[in-house]
Amino acid sequence: MEHATGATLLVATRKGLFTWQRDPHDARNAHDTRESRDAQDNAVWRLTSGTPDFAGEPVSMVLHDARDGTDYAALNLGHFGVKLWRRAREASTWTELPPPAFTPQAAQSEASQADAQAPSVDLLWSLETAGPDAPGVLWAGTIPGGLFRSGDHGASWQLVQSLWDRPERAEWMGGGYDHAGIHSICIDPHDSRQVMVAVSTGGVWRTRDDGDTWALAALGMEADYMPPERRLDPNAQDVHRLVQCRNAPNALWAQHHNGIFRTLDYGASWRRIQAAPSSFGFAVAVDPHDPDIAWFVPAQRDACRIPVDARLVVTRTRDGGESFTALSHGLPEMPSYDLVYRHGLDIDATGRTLAMGSTTGALWITENAGEQWQCLSAHLPPIYAVRFV
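Residues numbered from 1 in each chain as written. Predicted model: local features only at pLDDT ≥ 70, side-chain atom pairs only at ≥ 80, totals over all residues. Heavy atoms only, no water.

Please explain the overall build of the protein as it appears in this structure.
The secondary structure content of the protein amounts to 3 helices and 28 strands. Relative to its length of 389 residues, the protein is compact, with a C-alpha radius of gyration of 20 Å against a globular reference of 21 Å. Taking the principal axes of the C-alpha coordinates as reference, the protein spans close to 65 × 50 × 40 Å. Taken over 389 residues, the protein has a buried fraction of 57%. (Helix = DSSP H or I, 4+ residues; strand = E, 2+ residues; numbered from the N terminus. Rg over C-alpha atoms; globule rule 2.2 N^0.38 Å. Buried < 20%, exposed > 50% of the residue type's maximum accessible area, 1.4 Å probe, protein only.)

Help me understand the nonpolar core, please; the structure alone is not making it clear to me.
Generally speaking, nonpolar side chains in soluble globular proteins are found buried as a group. Judged by nonpolar contacts, the single largest core of 28 residues is most densely connected at Leu17 and Leu127. When contributions to this core are tallied by element, the ones reaching two or more residues are strand 1 (8-13), strand 4 (59-65), strand 5 (70-76), strand 6 (82-87), strand 8 (123-129) and strand 9 (138-143). Ignoring sequence-local partners within four residues, the contact set of leucine 127 consists of Met61, Leu63, Tyr72, Ala74, Leu84, Trp139, Ala140, Trp157 and Arg387. Formed by 18 residues, the second largest nonpolar core is a distinct cluster that contains Val340, Ile347, Met356 and Ala369. (Core = buried A, V, L, I, M, F, W, Y, C linked by side-chain atoms within 4.5 Å. Contact = heavy atoms within 4.5 Å.)

How do you make sense of the environment of proline 227 when you look at a structure like this?
When you line up the elements, proline 227 lands in the loop between strand 15 (215-216) and strand 16 (239-244). Between the C-alpha atom of proline 227 and that of glycine 154, which follows or precedes it by 73 residues, the distance is 41 Å.

What's the story with the state of the cysteines in this structure? I'm lost.
Put plainly, two cysteines are in a disulfide when a covalent bond ties their sulfur atoms together. One pass over the full model with this rule turns up 0 disulfides. Here cysteine 186 stays unpaired: no disulfide links it, and the sulfur of cysteine 245, its closest cysteine neighbor, is 11 Å away. Using a relative accessible area of 0% as the deciding quantity, one classes cysteine 245 as buried. (Disulfide = S-S within 2.5 Å.)

Whenever I open this one, the sheet that holds strand 12 (residues 181-187) confuses me. Can you help?
Think of a sheet as strands paired side by side through backbone hydrogen bonds, with each pair either parallel or antiparallel. One open sheet accounts for 4 strands, arranged 12-13-14-15; its pairing is antiparallel. For this open sheet the edge positions go to strand 12 and strand 15, each flanked by a neighbour on one side alone. Examined bridge by bridge, strand 13 (residues 195-200) and strand 14 (residues 203-207) share 5 bridges and lie antiparallel to one another. Paired with valine 197 across the two strands is tryptophan 205, which belongs to strand 14. (Pairing = 2+ DSSP bridges.)

And the structure:
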């Protein structure tokens, strides 16, 4: 069954993959005037099944490939390792694929000892598709900080050795995990050879030639947690999340450990932005049409990862970070201790519908750019990622 863009929402949680669909027969969506879109007139979203895919298993990442309708799901089974599954368009069953894995060549980069062992993938942290100009190409980021590329729809994966072998990687360090990881991959929608990745902790890196060569792209970011002499070091920046405007790919927003940063020149320079009630957080979304519009979910601070004053809000800027509006209509009343992971906020192709899932298992959606939020569920497992189809 075909669905309009943004009509299906995939929700990856600690206990399975849930799917919501927008009711196509909802009469409240028959009009598309500005008034109807801005009013509290939420569409009906329905859970497709009471039993999720991969029930009881932690789904760390999910991806829909709009080029061919394929879905991908990454699982983190702890002792049993990382798993990767693929579901073809309109299929009801999933097929297991070999997940990204380090090779003995990667081990040689790790140490000079002849008996050095290849690292193991602890978490498949990010999955993205290339553009229409690179059919079948997928990218994956892992913990430890490996970047992998597939040219055959995920049937096989190759470590991007050119990034792995960068001497700067020796200084990468873990943010919230023991090892550094690649959690954000931004592919230029007009030129799939141009890719940017964010590392926690290791800055932002850019390739213009499909991964053959790489350069740091974090000039202007500030790491207040580092000694003064390394505060501006591009390789020491802890980026929590990196997103790119689809229609203006030179414009990217970063939620950083020490605030919000923005670039308008493809990462050549970044500007620090202060926001109320806080600039600390993990999630960020950018309007696909207007690079000046972005959303964030602030938390109090690093040492106290709860909403400021126990009040969950989403902040939105419409002027490139010059001002922010706190949006909370439909979000829980105080006190609220929901935290939103870096992949827990997503925006659809229209730029008006956003979904947000929290670590306490609550899921919200808005169809008027955050003015009004609708709670779809308050009783899910902790949510790792939300993605629109």
